[in-house]
Amino acid sequence: MVAYTDDAYTLVSNHPLFIAGSQSKCPALVEHPYNICLRSQMYSKYGFFRVRLLTFLLYGCFLGLLTTIILLGKQPEYFFAKTNRNMTNDLDTCAIVSKNLTAANDPEALQTTSYKRVKKSYYAFLITLAFKNIILIVTLFPRITRIASSLPEICALVLSFVYVYDWTDWQSPVIIRCPIQYQIGALGLLVAWINLLGYVKRTSYLNIGIFVAMLQLIAFKFLKFIPVLLVIICGFGFTYWMLIQNQQPFQTPIEALLRTGFLVFDIGYEDRLYGTEPYYYPLLYLILILTAIVFCIFILNLLISLAVGELPSLTDRGTLWQSQMLYLLLSDYSIVMIQFTRLLNCISCGRLRRIIRKKLQNGKSHREPIVIIEADHKHNQYKKLWQYAKENIFGEKIHNDVTQKNTSTSVK
């Protein structure tokens, strides 16, 4: 049995299931019970469910260890103050502070045995996740769009490694990190937690992933609105700079634009940036902007859609998008499996291919359609049982009856 092409991506993309799953203009075909059942069977048949669970657990452990390492430390300003020095971004000053804390045998600054164990465990999970992403990139290359989902995780791995790793000898015995390194670690922690949503959006349990898909849809809508928003901010921002540049938040054009952007939200960022204590973290500007966008635009729009009744359409599109992501994830796993099978076949000098061909000739693959039909029948039973529970236990039957009566009355 010879395939018509050697390209694993072409073989998987031309599979009827994945062709049906890519039809975004036909939601009924994408979410057809038979296609969903066949997709679930492929996940179970090749062990992809276990792979998804394993990768989620690996990333969860990595994120937990990274958060633990950061929580065990303190910001550099605290240690600079203990040595009576002003905090700067100079590495030489940071080295002097670290050496003084080591010489003083300060228990708050030294790396304990528990800290070192957590760090070693972190390195183990970091290497495992890096190896997993390398496999995905190599097998899916050069399809850049297919490996884009791995980029946030790779950024989280690199940024967190820069924070945790001891780059110099004077940094090895202490937990203090220099201000620049500390800001990189803060950004890595943010990216790592946001990347967790990438795992959540692919889960179908309790429909949690649909909410992540809905947030992404709102994000895409906001990206289209950014040019209009920038024009408005520039117009008002430069005007404020001309009129009140004698005030501290509007002294420079850049700060005037930043303050004008926050006029919509009025989060009072001056108290954090222009208080009595000096701040040396330029990253704080970016974090405040991201906080305003996420909390005041994304989530606010989601709540508004709940109030005005646009949630059903947004939920339908989120469900469709999540379903398509599951198809894409399954196709990625299938491509990796084909590439891995070919690698084993090359190493075994064709022995693996002969074993697979022998199994196919014995007729073991003829049982698959029966399994599909049985699974589809069970899926319908479970769906009917869940529909009955929603109508009679959760009270949706009363709502449906009232809706039907009102509809019939309006028709009359």
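Treat the numbers as computed from the prediction; the structure is a model and nothing was measured. (Residues numbered from 1 in each chain as written. Predicted model: local features only at pLDDT ≥ 70, side-chain atom pairs only at ≥ 80, totals over all residues. Heavy atoms only, no water.)

Re the overall build of the protein chain
Point 1. Along the backbone of the protein chain there are 19 helices and zero strands.
Point 2. Considering the protein chain as a whole, with its 412 residues, one finds that 33% of them fall into the buried category.
Point 3. Working note: accessible area of the protein chain is about 25,600 Å², and carbon and sulfur atoms make up 66% of it. (Helix = DSSP H or I, 4+ residues; strand = E, 2+ residues; numbered from the N terminus. Buried < 20%, exposed > 50% of the residue type's maximum accessible area, 1.4 Å probe, protein only. Areas by Shrake-Rupley, 256 points an atom, 1.4 Å probe, with all protein chains shown as cover.)

Overview of the nonpolar core
Point 1. With 34 residues, the main nonpolar core has Tyr 59, Phe 62, Leu 66, Ile 69, Phe 79, Tyr 122 and Ile 176 as its most contacted residues.
Point 2. Looking at this core, the elements that each hand over two or more residues are helix 5 (48–72), helix 6 (76–82), helix 7 (91–103), helix 8 (113–140), helix 10 (151–164) and helix 11 (179–200).
Point 3. Here the element with the most residues in this core is helix 5; it accounts for eight residues.
Point 4. If sequence neighbours within four positions are ignored, Phe 79 has contacts with Lys 74, Val 97, Leu 101, Glu 108, Ala 109, Ile 175 and Ile 176. (Core = buried A, V, L, I, M, F, W, Y, C linked by side-chain atoms within 4.5 Å. Contact = heavy atoms within 4.5 Å.)

Brief notes about the packing of helix 10 against helix 11
Point 1. At a closest axis distance of 8 Å, the pairing of helix 10 and helix 11 adopts a crossing angle of 150°. By the criterion of interaxial angle, the relationship of helix 10 to helix 11 is roughly antiparallel. By crossing handedness, the relation of helix 10 to helix 11 is classed as left-handed. Between helix 10 and helix 11, the contacting residues are Pro 152, Glu 153, Cys 155, Ala 156, Leu 159, Val 162 and Tyr 163 on the first element and Gln 181, Tyr 182, Ile 184, Gly 185, Leu 187, Gly 188, Val 191, Ala 192, Asn 195 and Tyr 199 on the second.
Point 2. Taken together, the residues of the contact of helix 10 with helix 11 sort by class into twelve nonpolar, four polar and one charged. (Axes fitted to C-alpha atoms, helices over the stretch in contact; angles between N-to-C directions. Parallel < 35°, antiparallel > 145°, perpendicular 65-115°, else oblique. Left-handed = near helix turned anticlockwise from the far one by under 90°. Nonpolar A, V, L, I, M, F, W, Y, C, P; charged D, E, K, R; others polar.)

A few points about the packing of helix 4 (residues 33–45) against helix 5
Point 1. Two elements in contact, helix 4 and helix 5, have axes whose closest approach is 5 Å; the angle formed by their N-to-C orientations is 75°. When the axis of helix 4 is compared with that of helix 5, the two are roughly perpendicular. Facing helix 4, whose interface residues are Ser 40, Met 42, Tyr 43 and Ser 44, helix 5 presents Phe 48, Phe 49 and Arg 52.
Point 2. A breakdown of the residues in the contact of helix 4 with helix 5 according to their chemical character gives four nonpolar, two polar and one charged.

Some points on the confidence of the model for the protein chain
Point 1. For the protein chain, the mean per-residue pLDDT works out to 75, and 71% of the residues sit at or above 70.
Point 2. The spread of mean pLDDT over the elements of the protein chain runs between helix 19 (residues 396–411), the lowest at 46, and helix 10, the highest at 92.
Point 3. Confidence drops under a pLDDT of 50 for residues 364–379, and excluding neighbours within four residues, the segment shows 14 contacts in the predicted structure.
Point 4. Every residue in residues 395–412 is under pLDDT 50, and counting partners more than four places away or in other chains gives six contacts. (pLDDT = per-residue confidence, 0-100.)

Let's talk about the UniProt feature "transmembrane region" (unreviewed entry) in the protein chain
Point 1. UniProt's feature table lists "transmembrane region" (unreviewed entry) at residues 53–72, 122–141, 147–168, 180–198, 204–220, 225–243, 279–304 and 325–344, given in the numbering used throughout.
Point 2. The annotated region residues 53–72 carries 100% helix and 0% strand content, and the separation between its end C-alpha atoms amounts to 28 Å.
Point 3. Structurally, residues 180–198 is divided into 100% helix and 0% strand, and its ends, taken at the C-alpha atoms, are 28 Å apart. (UniProt positions renumbered as here; feature names shortened; annotations may be inferred.)

Section: the environment of Lys 221
Point 1. Topologically, Lys 221 is positioned in helix 12 (residues 208–244).
Point 2. A relative accessible area of 45% places Lys 221 in the partly exposed class.
Point 3. Lys 221 sits 77 residues away from Phe 298 along the chain, and the two C-alpha atoms are 9.6 Å apart.

Examining a nonpolar patch on the surface
Point 1. A cluster of nonpolar residues, Leu 190, Ile 194, Leu 197, Leu 286 and Leu 290, forms a patch on the protein surface that exposes about 380 Å² of accessible area.
Point 2. Contributions of two or more residues to the nonpolar patch are made by helix 11 and helix 15 (283–308).
Point 3. It is helix 11 that contributes the most residues to the nonpolar patch, three residues altogether.
Point 4. Relative to the helices and strands, Leu 286 is located in helix 15.
Point 5. Overall, Leu 286 belongs to the partly exposed group, its relative accessible area being 37%. (Patch = residues over 30% accessible without salt bridge, like charges linked within 9 Å, V, L, I, M, F, W, Y side chains within 5 Å. Salt bridge = Lys/Arg side-chain N within 4 Å of Asp/Glu carboxyl O.)

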